[in-house]
Amino acid sequence: MGFFSLTLMSILMCAFLPPSSQDPNDQSCLTNLFQSMHVPDHNLVNWTEPNLANPCSGFMSNLTGATCNNGRIYKLSLSNLSLYGSISPYISNCTSLQSLDLSNNALTGPIPTEFQYLINLAILDLSSNHLSGTIPPSLTMCMFLNIIDLHNNSLTGPIPAQLGSLVRLSVFDVSDNKLSGVIPTSLVDRPGNLPGFNATSYSGNEDLYGYPLGPMKSRSGLSVMLIVGIGLGSGLISLVLSFVVTCVWLKVTDQKLAAEHQGKINELMPEY
């Protein structure tokens, strides 16, 4: 059998191979994600129940913003869709997911700790939402992460030092949040030749300090100055009040003595 015949047979066999079966985890992931969010203006009009049950056809997706790879969801790009609501923890069922972009929406609530089960995740962009709570240290379980963009949210608490162990991390942005505490040295002195992240990655967090930002802002000095100012002000007010009271007392006393003195003079004066 010649080379041409073998090639033709291979093509025919591939053509008649059954399509890869749908993964029920992807269906659960996408259905719960869709139900946890509110989608105005029919931005995800084709996220219907039949399409959620059958999101992929090989490398093609039946859902807006979804990309498939061999029958599995591996990329979700749902930015700038005016989405609001929360991020479903069932997102972790999309175990083949490599890129998740939910940026520039109005999502609220915490970052699900269940992200740790997205072990293939390389890109996480949740920027420009209204997310709150802390940054989950469990994100370090996503060892392939090379982009974490969480800027312009309302995240609080410290930056987990464990994130410094993500050796593939090349973009890290947590600016314009409400984070506090010292910037972990693990994100500054990174292993090998990995570069640290500059000040723009951390700016806009009033209570965050340490290199590459400045030192902790001294609030005690402000308190001392405030106390001293209040003390001096109180002392000055007391001094002025004491002076006024003394002046009034002296004036009244002088008037009283003058009246008494005039009375004695009148008594000594002869009557005509």
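See above for the structure.
So, here is what we can say about the structure in this document. What you see is a predicted model, and the numbers here were worked out from it, not measured in a lab.

On to the overall build of the chain, then. Helix and strand content of the chain: four helices and 15 strands. Evaluated residue by residue, the chain yields a buried proportion of 32% over its 272 residues. Counting contacts in the chain only where the partners sit at least 6 residues apart, residues at least 24 apart contribute 51% of the total. Accessible surface computed for the chain: about 16200 Å², of which carbon and sulfur atoms make up 63%.

Sheet architecture is open: six strands sit in the order 4-5-7-9-11-13, paired in mixed fashion. Here the strands that pair on one side only, and so sit at the sheet edges, are strand 4 (66-69) and strand 13 (171-173). When strand polarity is set aside, the average angle formed by the axes of neighbouring strands in this sheet is 20°. Relative to strand 7 (residues 99-101), strand 5 (residues 72-77) is paired through three bridges, and the arrangement is parallel. Directly across from Leu76, in strand 7, lies its bridge partner Leu100.

A few words on the pairing of strand 10 (residues 130-133). The pairing of strand 8 (residues 106-109) with strand 10 spans two bridges and is parallel. Within the sheet, the bridge partner assigned to Gly109 lies in strand 10 and is Leu131. Examined bridge by bridge, strand 10 and strand 12 (residues 154-157) share two bridges and lie parallel to one another. Following the sheet pairing, Gly133 is matched in strand 12 by Leu155.

A few words on the environment of Met60. Locating Met60 in the fold gives a position in strand 3 (residues 60-61). Sequence separation between Met60 and Ile73 is 13 residues, and the spatial gap between their C-alpha atoms is 9.7 Å. Beyond its immediate stretch of four places on either side in the chain, Met60 contacts Pro55 and Cys68.

What counts, and at which threshold
Residues numbered from 1 in each chain as written. Predicted model: local features only at pLDDT ≥ 70, side-chain atom pairs only at ≥ 80, totals over all residues. Heavy atoms only, no water. Helix = DSSP H or I, 4+ residues; strand = E, 2+ residues; numbered from the N terminus. Buried < 20%, exposed > 50% of the residue type's maximum accessible area, 1.4 Å probe, protein only. Contact = heavy atoms within 4.5 Å. Areas by Shrake-Rupley, 256 points an atom, 1.4 Å probe, with all protein chains shown as cover. Pairing = 2+ DSSP bridges. Axes fitted to C-alpha atoms, helices over the stretch in contact; angles between N-to-C directions.

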